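Descriptive analysis of the structure
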Amino acid sequence: MKLLLTTISLLTCFSAHAENVRLIATPSEPVSQQSTGQHKVIYNTFSVPEEKAQERIRELMDTGLYRAVEIDMVTSSITVSATLADSAPKYYPPFSDPAYGYQTYLMSSSEHMTGMGATEAQSYLIPYRPMTVGVIDSEFEDIMDIPFTNGISMVEGEDDVWEPACAGRHGVMVSSLIASSRNNGVGMAGMTDVDIVPVRAMTCGSGYSSHSANGIYYLSGAEVNGVPGLEEPVSVINMSLGGEHPCSVHTQSAINYATSKGITVVVSAGNEAIDASRVSPANCEGVISVGALAEGDSRMELSYFSNFGDTVDVSAMGSDVFALYNDDTAYLVSGTSFSAPLTSGVVTMARQLLPEESPDMIKWLVKRTETPFPDGHDCLSVGCGSGITNALALTQQADRISQSGYGTIAPLLKNPRFCDSDKAYALNNEALPQICGIYELSLNVNLREGEKGVVYHRVSGEITRVSETRSGKSRIDKPEEDGDYLFKVCDSEENCSPAMPINIDTDIPEICQ
């Protein structure tokens, strides 16, 4: 099969209608429990002349019925450039996917500067599809190489999730990066083995931002204005869209609901070459915002179009990314629209190993395992996260945690380094009772220079600081039977990781019995 290669750049932005604008009004109590077990989300929309929008917003707020009334922005996908490209594969792995040789981001960073280590990371995962990823986008088409399931359109009056008449196929290309079936002789290879739930939030690349928010609710299992939520919520949501305006109440509420259900939301940082704090949903709370990088002469550089700043959590390859247009055609695409799904694929790998972990913890682990930017890199001054998404490092860390937890408190005498001669010395010096009362804390997360692990004891909601370590190990008194123990990684008193549970080894060594 011959693949058609094309270079294309996509820019996604928000704008308002020139004449009338649509208002979205969120009731004071927008979410209520249903007898079906699903939550119910209700909102109202109003169409008003643009010059009357602020007046109408004040009128609606004055009724006391709504906690927020906002202009519902319009999202659009704009093709900036498109040129035919003719190139040879950059490497030749033993897989049957025709496009695999072009996907350098699947390699390790030592093999290629764009590499994220995704192929090697697969060795830590079970090779089947145990979870689903939601992709909120447009221009989907049902093709052989992408395992789509339970798709839905959130666009009023448009029931079909598929848009075969649309030329852009943005949703297809985004989905292909996450989940194209590997080693099946068709198309390309996705980052990992998952099913994609496509949510159409636009029509041929244009739609209201509330449609995207409604898609978040649907993927999280909530009913939205009479539309039942997904019966089995997804694990990760990808949103390759954004625009220059504050995060709306409706969107933030949807993200809050998703994260409360344990769903990680990954978004593109935007393509306006501005501070990402000006762009939604990258400026919403609780998301992983992804910037774009381009292949330079000797290292990855910030893509010329990528947004930047403290709002960006991590960056990934986003220029000339190989993505699938249909089963026979692939594109080299550019935009944070494509660095985001690469990161979503990596996040999904971590979720496969840590399915019960919170979105905050997954985000911390993603940032923790980034490949750091080298000295002098532009991102260290303008802000693109602290490094490049690293699939291998993240899955290795997640695998260690899945097997051994985040840390352990155990009797000192159970440490293999405490050899038999030491035990004999303790007996001869009658120090055994004292030594049997000493426990050792061992963290399963490496501490960096300037960091410390702070240990807490929690009983009935009350938290007491117990000890701290800068090496990952420390001596600690025998743990209390009541409550549980936690630790945080801190580089200052104000900047700490989410709390991580510590396993308590209650098995008393035979010498102490």
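Residues numbered from 1 in each chain as written. Predicted model: local features only at pLDDT ≥ 70, side-chain atom pairs only at ≥ 80, totals over all residues. Heavy atoms only, no water.

Here's the deal with the overall build of the protein chain
This is how it is decided: Runs of E in the DSSP output that reach at least two residues are strands. Runs of H or I that reach at least four are helices, and both are numbered from the N terminus. Three exposure classes are used, based on accessible area relative to the maximum for each residue type with a 1.4 Å probe and protein chains only: buried under 20%, partly exposed in between, and exposed over 50%. Any two residues whose heavy atoms approach within 4.5 Å are treated as being in contact. Note on areas: Shrake-Rupley with a 1.4 Å probe; residue coverage comes only from the protein chains shown.
Along the backbone of the protein chain there are 11 helices and 28 strands. Considering the protein chain as a whole, with its 513 residues, one finds that 56% of them fall into the buried category. Taking all contacts inside the protein chain whose residues are at least 6 apart in sequence as the whole, residues at least 24 apart take part in 73%. Split by element, the accessible area of the protein chain, about 21900 Å² in all, is 48% carbon and sulfur.

Digging into the packing of aromatic side chains
We count it as follows: Here is the rule: rings of Phe, Tyr and Trp (six-membered ring for Trp) pair when centre to centre is within 6.5 Å. Planes less than 30 degrees apart are stacked, more than 60 are edge-to-face, and the remainder are tilted. Definition used: whenever NZ (Lys) or CZ (Arg) falls within 6 Å of the ring centre and also within 35 degrees of the ring normal, the charge is taken to sit over that ring.
Going through the model one piece at a time under the given rule, you end up with 7 aromatic pairs. Judged by centre distance (6.0 Å) and plane angle (85°), the rings of Phe 140 and Phe 148 are edge-to-face. By the burial criterion, Phe 140 is buried, and Phe 148 matches it. Look at Tyr 325 and Tyr 331: their rings are 4.7 Å apart centre to centre, the planes differ by 45°, and that puts the pair in the tilted class. Each member of the pair Tyr 325 and Tyr 331 is classed as buried. One Lys or Arg, Arg 56, reaches over the ring of Phe 46 and ends 5.3 Å from the middle of that ring. Residue placement shows Lys 488 over the ring face of Tyr 456; its charged tip is 5.7 Å from the ring centre.

Considerations on the state of the cysteines
In plain terms, the rule: Disulfide: a pair of cysteine sulfur atoms within 2.5 Å of each other.
By the definition in use, this model includes 4 disulfides. Across the disulfide, Cys 379 is cross-linked to Cys 384 (sulfur-sulfur distance 2.0 Å). For the disulfide bridge between Cys 379 and Cys 384, the dihedral angle about the S-S bond is near -90°, and by the sign convention the bridge is left-handed. On the basis of relative accessibility, which here comes to 2%, the residue Cys 379 falls in the buried class. For Cys 384, a relative accessible area of 0% corresponds to the buried category.

Brief notes about the pairing of strand S26 (residues 473-477)
The cut-off we apply is this: Two strands form a pair only when DSSP identifies at least two bridges running between them.
Residues Ser 474 and Ile 476 of S26 are buried on one face, while the alternating residues Lys 473, Arg 475 and Asp 477, pointing to the opposite face, are not. Looking at chain direction, strand S23 (residues 438-443) and S26 are connected through 5 bridges and run antiparallel. Counted as the bridge partner of Tyr 439 is Ile 476 from S26.

Focus: the confidence of the model for the protein chain
As a reminder of what qualifies: The quantity called pLDDT is the predictor's confidence in a given residue, expressed from 0 to 100.
Mean pLDDT for the protein chain: 86, with 87% of residues reaching 70 or above. Throughout residues 78-86 the model reports pLDDT below 50, and contacts reaching past four residues in sequence, or to other chains, amount to 23 contacts.

Some points on the side chain of Ser 315
Inclusion rule: Counting of polar contacts relies on pairs of N or O atoms within 3.5 Å, with two restrictions inside protein: one atom must be capable of donating a hydrogen and the other of accepting it, and residues adjacent in sequence are counted only when both atoms are side-chain atoms.
Considering the arrangement of structural elements, one finds Ser 315 in strand S17 (residues 314-317). In terms of polar contacts, Ser 315 uses its side chain to reach the backbone carbonyl oxygen of Cys 384, at 2.8 Å. Sequence-distant contacts of Ser 315, that is, excluding residues within four places in its chain, are made with Val 290, Gly 291, Ala 292, Leu 293, Phe 373, Cys 384, Gly 387, Ile 388 and Thr 389.

Comments concerning the pairing of strand S18 (residues 321-326)
Counting buried positions along S18 yields 6 of 6 residues, so the element is predominantly enclosed. Sheet analysis places S18 next to strand S19 (residues 329-334), joined by 5 bridges and oriented antiparallel. Paired with Val 321 across the bridge in S19 is Val 333. The antiparallel pairing of S18 with S19 creates a hairpin that spans 2 residues between the two strands.

Points about the packing of helix H3 (residues 170-179) against helix H6 (residues 336-353)
Worth spelling out the cut-off: In this description, a line fitted to the C-alpha atoms serves as the axis of each element, helices being fitted only across the stretch in contact, and the angle between N-to-C directions of two axes falls anywhere from 0 to 180 degrees. Each crossing gets its hand from how the near helix is turned against the far one by less than a right angle, where anticlockwise is left-handed and clockwise is right-handed. Amino acids are sorted into nonpolar (Ala, Val, Leu, Ile, Met, Phe, Trp, Tyr, Cys and Pro), charged (Asp, Glu, Lys and Arg) and polar (every other residue, Gly among them).
One way to put it is that H3 packs onto H6 with a least axis distance of 8 Å and a crossing angle of 35°. In this structure, the crossing between H3 and H6 has a hand that is right-handed. Packed against H3, whose contacting residues are His 170, Met 173, Val 174, Leu 177 and Ile 178, the element H6 presents Ser 337, Phe 338, Pro 341, Leu 342, Ser 344 and Gly 345 at the interface. A class-by-class count of the residues in the contact of H3 with H6 yields 7 nonpolar, 4 polar and no charged.

What to know about the packing of H6 against helix H9 (residues 391-404)
As a reminder of what qualifies: Note that the term roughly parallel is reserved for angles under 35 degrees, roughly antiparallel for angles over 145, roughly perpendicular for angles of 65 to 115, and oblique for everything else.
Packing of H6 against H9 brings their axes to within 9 Å, and their N-to-C directions diverge by 10°. Comparing their axes, H9 and H6 come out roughly parallel. The residues of H9 that touch H6, namely those facing Val 346, Met 349, Ala 350 and Leu 353, are Ala 391, Leu 394, Thr 395, Ala 398, Asp 399 and Ser 402. Split by residue class, the contact of H6 with H9 holds 7 nonpolar, 2 polar and 1 charged.

As for a negative patch on the surface
This is how it is decided: The patches reported here contain residues having more than 30% relative accessible area and no salt bridge. Joining distances are 9 Å for like charges and 5 Å for nonpolar side chains (Val, Leu, Ile, Met, Phe, Trp, Tyr). The working definition used for a salt bridge is a side-chain nitrogen of Lys or Arg within 4 Å of a carboxyl oxygen of Asp or Glu. Note that His is not counted, nor are the chain ends; the positive residues are Lys and Arg, and the negative ones are Asp and Glu. The atom standing in for a charge is NZ when the residue is Lys, CZ when it is Arg, CG when it is Asp and CD when it is Glu.
Together, Asp 477, Glu 480, Glu 481 and Asp 482 make up a region of like negative charge exposed at the surface. Among the structural elements, Asp 482 can be located in the loop between S26 and strand S27 (484-490).

Looking at the environment of Ala 294
Inspection of the secondary structure puts Ala 294 in strand S15 (residues 287-295). For Ala 294 and Gly 318, which are 24 residues apart along the polypeptide, the C-alpha to C-alpha distance reads 6.2 Å.

Comments concerning the pattern of salt bridges
Throughout the structure, instances matching the rule amount to 17 salt bridges. In this structure, Asp 313 engages Lys 367 in a salt bridge whose closest nitrogen and oxygen atoms are separated by 3.6 Å. Taken together, the residues Asp 313 in the loop between strand S16 (300-302) and S17 and Lys 367 in helix H7 (residues 359-368) connect sequence positions 54 residues apart. According to the relative accessible area criterion, Asp 313 is buried, its value standing at 7%. Its relative accessible area of 29% is what places Lys 367 among the partly exposed residues. In this structure, the salt-bridge partner of Arg 368 is Glu 451, at a minimum N-O distance of 2.6 Å. You can see Arg 368 sitting in helix H7 and its partner Glu 451 sitting in the loop between S23 and strand S24 (452-459), a full 83 residues away along the chain. The burial state of Arg 368 is the same as that of Glu 451; both residues are buried. Shared partners join several salt bridges into a network, and the residues in it are Lys 452, Arg 465, Glu 468 and Glu 493.

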